[in-house]
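# Understanding the architecture of this molecule
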Amino acid sequence: MILELSLESVFAIVDIFFVGKLGQNAIAVVGYTESMITLIYSVAIGISTAATALVARRTGEKDQAGASNAAMQVILIGLLVSMVLSIAGFLMAEQMLRFMGATESVVKEGVTFTRIMFGSSSVIMFLFLINGIFRGAGNASLAMKSLWIASLTNIVLDPLLIYGFYNYDGFGLKGAAIATSIGRGLGVIYQIFHLFQQLL
């Protein structure tokens, strides 16, 4: 779990590293947004801990159907919570940046980044939740692999989507949000593939 949390912080470090050349406003946007995303991490960690406990108990009882049922209930709860957070974050991105102390120029430059990050908060939630399910089922290594896939994808896509390549110009700051969302999304797809193989 400690290594997983460390890998989650890599997303912010990589984003700040690659947007550094875009100027101080871009760095400020990533910093403000990642600080707010910490709230989603906190909720996800709490639900993930419950998922680990529930699935571990059922797995220990050799109740595979019960473990599968608990996993699906946690996923549904995570989906509902992440939808609320995603919609609220997307609609209130400007207000939240201002609340964090961002200047108008920072808000103007970074509101799209913040909207993309909050709009894709469901993948953050599922990364934690499904990893909690894997830990409860006794497969912590699979949880770690999903975060490696997500982090490496982000590292590769960040410079390509921010600065572009060949004749492609890139998306600038919002490219970092897109790269991060795609990376986490691929990690979740990897998780779901193995989850349905193991628990269903």
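Now for a look at the structure at hand. (Residues numbered from 1 in each chain as written. Predicted model: local features only at pLDDT ≥ 70, side-chain atom pairs only at ≥ 80, totals over all residues. Heavy atoms only, no water.)

With that settled, consider the pattern of salt bridges. One pass over the full model with this rule turns up five salt bridges. Where Arg58 meets Glu61, a salt bridge forms, and the shortest distance between an N and an O atom there is 3.3 Å. Relative accessible area serves as the criterion here: at 26%, Arg58 is assigned to the partly exposed category. Where Arg98 meets Glu94, a salt bridge forms, and the shortest distance between an N and an O atom there is 3.5 Å. Of this pair, Arg98 and Glu94 both sit in helix α4 (residues 93-99), four residues apart, which is roughly one turn of that helix. You can call Arg98 partly exposed: its relative accessible area is 37%. According to the relative accessible area criterion, Glu94 is partly exposed, its value standing at 29%. A single network of salt bridges, built from pairs that share partners, joins Glu94, Arg98, Glu104 and Arg115. (Salt bridge = Lys/Arg side-chain N within 4 Å of Asp/Glu carboxyl O. Buried < 20%, exposed > 50% of the residue type's maximum accessible area, 1.4 Å probe, protein only. Helix = DSSP H or I, 4+ residues; strand = E, 2+ residues; numbered from the N terminus.)

Moving on: helix α6 (residues 121-136). In this model, α6 (16 residues) spans 23 Å end to end at C-alpha, consistent with the 22 Å of a helix rising 1.5 Å per residue. Positive backbone phi, approximately 85°, marks Gly138, located one or two places after α6. (Expected span 1.5 Å × (residues − 1).)

This next bit is on the packing of helix α2 (residues 24-60) against helix α3 (residues 64-91). Between α2 and α3, the shortest axis-to-axis distance is 8 Å and the interhelical angle comes to 170°. One element, α2, and the other, α3, form an angle in the roughly antiparallel class. Judged by residue contacts, Ile40, Val43, Ile47, Ala51, Leu54, Val55, Arg58 and Thr59 of α2 engage Gly66, Ala67, Ala70, Ala71, Val74, Ile77, Val81 and Leu85 from α3. Taken together, the residues that form the contact of α2 with α3 break down as 13 nonpolar, two polar and one charged. (Axes fitted to C-alpha atoms, helices over the stretch in contact; angles between N-to-C directions. Parallel < 35°, antiparallel > 145°, perpendicular 65-115°, else oblique. Contact = heavy atoms within 4.5 Å. Nonpolar A, V, L, I, M, F, W, Y, C, P; charged D, E, K, R; others polar.)

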